[in-house]
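Overview (structure and organization)
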Amino acid sequence: MDMDLKAIEQMVEQVLREIQSEQMINVTEQRKEGYGLFSTIEEAIEASEKAQKKLLYTGMADRQKYVDVIRKTVLNKENLELISRLAVEETEIGCYEHKLIKNRLAAEKTPGTEDLISEAVTGDNGLTLIEYCPFGVIGAITPTTNPTETIINNSISMIAGGNTVLFSPHPRAKKVSRLLVKMLNKALIEAGAPSDLISMVEEPSLENTEKMISNPKVRLLVATGGPSIVKKVLSSGKKAIGAGAGNPPVVVDETADIKKAAKDIVDGCSFDNNVPCIAEKEVFAVDSICDHLIQYMKDNGAYLMTDRQQIEELKALITTEKGGPKTSFVGKSAVYILDQLGVKVPDSVRVIIMEVPKDDLFVQEEMMMPILPIVRVSDVDTAIEYAYEAEQGNRHTAIMHSQNVEKLSKMAKILETTIFVKNAPSFAGIGAGGEGHTTFTIAGPTGEGLTSARSFCRKRKCVLADAFSIR
Ligand code: 1VU
């Protein structure tokens, strides 16, 4: 009887959730044109340009107000749960509980207008100001892996910088992106902001993205996503910011707190089923501590695969002929992947681990799923050398567990990654349990690093000759 009541309760909850999603879509459908959605890319660009002109003549306090409206809208419990749930349902990537964390993080820890610090130079020849000024309309391409997080993060940064943003979401995340763009526009308009500060074309496609890339009214391009789309914007001939792939290695040496390292690695690797580009993707562990590390990882939800045949079967299951990950397995849970292999494990299993040689495909290719190869090495210097190779020159993210300051510095110097996390899970690098702000657009290739409002601005100089030096 108890079971029946529980099942009925769950069914009612599900129906209520579906009605809520429908209502959200219906309410916003009624004033489609006012909520940032357009049937053609040309209309969207036109509207975005108009909105940016209006934004340019509002004050900094207004911009900050719009940033706060975005934060508040996303942090509203119902909205947060809705976008997190729909992102997982539509893309079939990642896990709901972690999407909640990531969306909350983007809303709370993306800097606003305070990021735009002006410089002043004064002297006998007067006063010169150097300020962060908007580009205008920004074309921002967003991925399937972090669809809502990237929209929230980019919207806050770009609007704080005085720009408007035209999103080109990945087509496999179009529904949740539409919903979020509408939701944010509605809240902004209600707060008195110009309409269409954030916009998108209703049917995102590669064709529409290409039109956006080539339109001269779109002054800056920002691509967060797979290698192909990042390459496309970087070869557009326009100013572009590219945030692409990583393959973050972890090094664990004999001086590390092994128990903590094991937990941190499993936590980081399993976060949103390993899709963040900062997540732990392969481990290099010094032989003297490797067995302990593996044991503690097992204690923290790792499933150790030892049968070589089974490891090869896993590889055949989740990789394409070219050796990359099969899209249908990207962001799936360890339990799901093992189930597809015919292995039943409890829900507490978060990561699949195995020992492999350093040239193994799992080590050298970014899989974006909770499969974590471990390479046993003789010493920390070899671990750093192998980590450098596995990172593939992406210079994205690396993690090290060690108390040896000299070796920590060595790894940071050699790998030259945008993010280097020491003695913590990788997500500390984007502000979850680590100091510093959050971003979901980590621009390694183009050098902006962890982007924020100032990354999406032009530096301009304003000179007042022979006056206003009051020293
Ligand atoms: O092959 P083509 O070039 O003709 O087309 C590609 C690609 O260019 C295009 N595409 C898009 N089109 C329109 N709008 C977009 N927003 C867009 N993004 C990509 O679609 C074609 C297929 O590309 P794909 O990348 O979707 O390819 P797959 O379906 O094979 O791959 C799926 C994955 C998930 C593997 C792929 O998208 C990927 O590698 N993503 C990289 C992971 C990522 O999102 N990195 C940034 C993370 S930032 C972060 O985590 C911060 C913490």
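Please read these numbers as outputs of a predicted model, since none were measured by experiment. (Residues numbered from 1 in each chain as written. Predicted model: local features only at pLDDT ≥ 70, side-chain atom pairs only at ≥ 80, totals over all residues. Heavy atoms only, no water.)

This paragraph deals with the overall build of the chain. Looking only at helices and strands, one finds 16 helices and 18 strands in the chain. The C-alpha radius of gyration of the chain comes to 24 Å, within 12% of the 23 Å expected for a compact globule of 471 residues. C-alpha atoms of the chain, sized along the principal axes, occupy 70 × 70 × 40 Å. When each of the 471 residues of the chain is scored for burial, the buried share is 56%. Long-range contacts, defined here as pairs at least 24 residues apart, represent 73% of the contacts in the chain between residues at least 6 apart. Summing over all exposed atoms, the chain offers an accessible surface of approximately 20500 Å²; the carbon and sulfur share of this is 52%. The centroid of the 55 positive side-chain charges in the chain is displaced by 6 Å from the centroid of its 65 negative side-chain charges. (Helix = DSSP H or I, 4+ residues; strand = E, 2+ residues; numbered from the N terminus. Rg over C-alpha atoms; globule rule 2.2 N^0.38 Å. Buried < 20%, exposed > 50% of the residue type's maximum accessible area, 1.4 Å probe, protein only. Contact = heavy atoms within 4.5 Å. Areas by Shrake-Rupley, 256 points an atom, 1.4 Å probe, with all protein chains shown as cover. Lys, Arg positive; Asp, Glu negative; His and termini not counted. Charge placed at Lys NZ, Arg CZ, Asp CG, Glu CD.)

Take the site of the ligand next. Surveying the vicinity of the ligand reveals 28 residues, the closest of which are Thr 145, His 170, Arg 172, Ser 228 and Cys 277. Between Thr 142 and the ligand, the recorded distance is 3.3 Å, taken from a backbone N or O atom to a nitrogen atom. The contact in question runs from an oxygen atom of the ligand to an N or O atom on the backbone of Cys 277, over 2.8 Å. Those elements giving two or more residues to the shell around the ligand turn out to be β4 (137-142), β5 (164-169), α8 (206-214) and α9 (227-234). (Near = heavy atom within 4 Å. Polar contact = N/O pair within 3.5 Å; in protein donor to acceptor, adjacent residues only side chain to side chain.)

Let's shift gears to the packing of aromatic side chains. Taken as a whole and assessed by the stated rule, the structure comprises three aromatic pairs. Stacked on the ring of Phe 362, the Lys or Arg Lys 315 has its end atom at 5.1 Å from the ring centre. Between Lys 358 and the ring centre of Tyr 386, over which it is positioned, the NZ or CZ distance is 4.9 Å. (Phe/Tyr/Trp six-rings, centres within 6.5 Å; stacked < 30°, edge-to-face > 60°. Lys NZ or Arg CZ within 6 Å of the ring centre and 35° of its normal.)

Looking now at the nonpolar core. The biggest cluster of nonpolar side chains holds 119 residues, and the ones touching the most others in it are Ile 198, Val 252, Leu 293, Met 297, Leu 314 and Ile 318. In terms of residue count, the dominant contributor to this core is helix α7 (residues 174-190) (eight residues). There are two domains that each give this core at least three residues, and those are domain 1 (31-244 + 451-460) and domain 2 (249-431). Apart from the residues lying within four places of it in its own chain, the contact partners of Leu 314 are Met 305, Ile 337, Leu 341, Ile 352, Met 354, Phe 362 and Ile 371. Membership of the second largest hydrophobic core comes to 18 residues, among which are Ala 44, Ile 45, Leu 166 and Val 230. (Core = buried A, V, L, I, M, F, W, Y, C linked by side-chain atoms within 4.5 Å. Domains from an automatic or database assignment.)

With numbering aligned to this structure, UniProt lists the feature "domain: Aldehyde dehydrogenase" (unreviewed entry) at residues 40-428. Along residues 40-428, the helical share is 46% and the strand share 19%, with 40 Å between the first and last C-alpha atoms. (UniProt positions renumbered as here; feature names shortened; annotations may be inferred.)

Now for a nonpolar patch on the surface. A cluster of nonpolar side chains, namely Leu 464, Phe 468 and Ile 470, defines an oily patch on the protein surface of about 380 Å² accessible area. Take Phe 468: it is sitting in the segment after β18 (457-465). By relative accessible area, which is 60% here, Phe 468 ends up exposed. (Patch = residues over 30% accessible without salt bridge, like charges linked within 9 Å, V, L, I, M, F, W, Y side chains within 5 Å. Salt bridge = Lys/Arg side-chain N within 4 Å of Asp/Glu carboxyl O.)

This part is about the pattern of salt bridges. Enumeration over the complete set of coordinates arrives at 31 salt bridges. Lys 99 is the partner of Glu 149 in a salt bridge, and the nearest nitrogen-oxygen pair spans 3.8 Å. In this pair, Glu 149 is assigned in helix α6 (residues 147-160) and Lys 99 in helix α5 (residues 96-109), connecting sequence segments 50 residues apart. For Lys 99, a relative accessible area of 0% gives the class buried. Across the pair Asp 272 and Lys 102 runs a salt bridge whose closest N-O atoms are separated by 2.5 Å. On the criterion of sequence distance, the pair formed by Asp 272 in the loop between α10 (258-270) and β10 (282-286) and Lys 102 in helix α5 is long-range, its members being 170 residues apart. On the accessibility criterion, Asp 272 (0% relative accessible area) is buried.

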